[in-house]
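Spelled out from the first residue to the last, the chains are:
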Amino acid sequence: METKVKELENLQQQIRKFRPWFDGSFQSLSILRKLTEAFPEDGAVSAKTVEIRNLATVTCSGTARNNQALLQMRDKLSAAAGVREVHIEQTRGSAPLQFTFNFHWGEGTGDAN
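Below: a short report on this structure. (Residues numbered from 1 in each chain as written. Predicted model: local features only at pLDDT ≥ 70, side-chain atom pairs only at ≥ 80, totals over all residues. Heavy atoms only, no water.)

**Notes on the pattern of salt bridges**
The cut-off we apply is this: The salt bridge definition used is simple: a Lys or Arg side-chain nitrogen within 4 Å of an Asp or Glu carboxyl oxygen. Segments assigned H or I by DSSP are reported as helices when at least four residues long, segments assigned E as strands when at least two residues long, and all are numbered from the N terminus.
Following the criterion strictly, the structure yields 6 salt bridges and no others. In this structure, R33 and E37 form a salt bridge, with 2.9 Å as the shortest nitrogen-oxygen distance. One end of the pair is R33 and the other is E37, both in helix α2 (residues 27–38) and 4 residues apart, which spans about a single turn.

Written as structure tokens, this is what we have:
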């Protein structure tokens, strides 16, 4: 019986280790989808890096054709379901404009889309 117990404990350790990779809710993909949908299709705003921490805090850096394009994208993202507290952290330059912003993700928050 000791052998079976050790085997089960080992399996439980493996499950704990890899469980985040097999989350059936696809949280990371849901976050990326909402972020992608906020970007204009004409390429006026583009992302260079996206970091998702703890499936709750998202940081994105990239370039925008101008400040107006960035603000329009921010407004669209702010209105998306699950997105809250969109905050532009940094902007540099003017054309193109380099930016970094972050937001919090939590399903069930924000406006319904």
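**Details of the nonpolar core**
Just so we agree on the cut-off: To qualify as a nonpolar core, a set must consist of buried Ala, Val, Leu, Ile, Met, Phe, Trp, Tyr and Cys residues joined through side-chain atoms within 4.5 Å. Whether a residue is buried, partly exposed or exposed follows from its accessible area with a 1.4 Å probe, protein chains only, as a fraction of its type maximum: under 20%, in between, or over 50%, in that order. Here a residue-residue contact requires only that any non-hydrogen atoms of the pair lie within 4.5 Å.
Membership of the largest hydrophobic core comes to 21 residues, with the highest contact counts inside it found for L77, F99, F101 and F103. Examining the composition of this core, we find that 5 residues originate from one element, strand β4 (residues 97–105), more than from any other. Once residues lying within four places of it in the same chain are set aside, the contact partners of F103 are I31, L35, A56, T57, V58, L77, V83, R84, E85 and V86.

**Some thoughts on the side chain of S61**
Topologically, S61 is positioned in strand β2 (residues 57–64). Among residues more than four places away in sequence, those in contact with S61 are A47, K48, T49, F99 and T100.

**Brief notes about helix α3 (residues 67–78)**
Threshold: Expected helix span is given by 1.5 Å per residue-to-residue step, counting one fewer step than there are residues. Regarding the arc, it is the one traced by the directions from the helix axis to the C-beta atoms.
Counted at 1.5 Å a residue, the expected span for α3 with its 12 residues is 16 Å, and the 16 Å between its end C-alpha atoms agrees. Buried within α3 we find A69, L70, M73 and L77. The buried residues of α3 occupy an angular sector of 100 degrees when projected down its axis, which confines them to one face.

**Remarks on the packing of aromatic side chains**
As a reminder of what qualifies: Centres within 6.5 Å are what make two rings of Phe, Tyr or Trp a pair, Trp counting through its six-membered ring; a difference in plane orientation under 30 degrees is then read as stacked, over 60 as edge-to-face, and the rest as tilted.
Counted by the stated rule, this structure contains 2 aromatic pairs. Plain terms: the ring middles of F99 and F101 are 5.7 Å apart, the flat faces sit at 25 degrees to each other, and that makes the pair stacked. Geometrically, the ring pair formed by F101 and F103 is stacked, given 6.4 Å between the ring centres and 20 degrees between the ring planes. Just as F101 is buried, F103 falls in that class too.

**Describing the pairing of β2**
For the record, the criterion: A pair of strands counts as paired when DSSP detects no fewer than two bridges linking them.
In terms of burial, β2 is largely enclosed, as 7 of its 8 residues are buried. Pairing between strand β1 (residues 45–53) and β2: 8 bridges, direction antiparallel. Counterpart to R53 in the pairing with β2 is T57. Linking β1 to β2, which pair antiparallel, is a turn of 3 residues; within it N54 sits at a positive phi near 55 degrees.

**Description of the environment of L77**
Looking at the element boundaries, L77 is found in helix α3. Relative accessible area serves as the criterion here: at 0%, L77 is assigned to the buried category. Sequence separation between L77 and F39 is 38 residues; the distance between their C-alpha atoms is 8.1 Å. Once residues lying within four places of it in the same chain are set aside, the contact partners of L77 are K34, L35, A38, V83, V86, F101 and F103.

**Concerning unusual backbone geometry**
Here A95 and P96 are connected by a cis peptide whose omega angle stands at 5 degrees. The backbone of N54 sits at a positive phi, close to 55 degrees, despite the residue not being glycine. One can find N54 in the loop between β1 and β2. Phi angles above zero are rare outside glycine, and E85 is one such case at about 55 degrees. As for its position among the elements, E85 is in strand β3 (residues 83–92).

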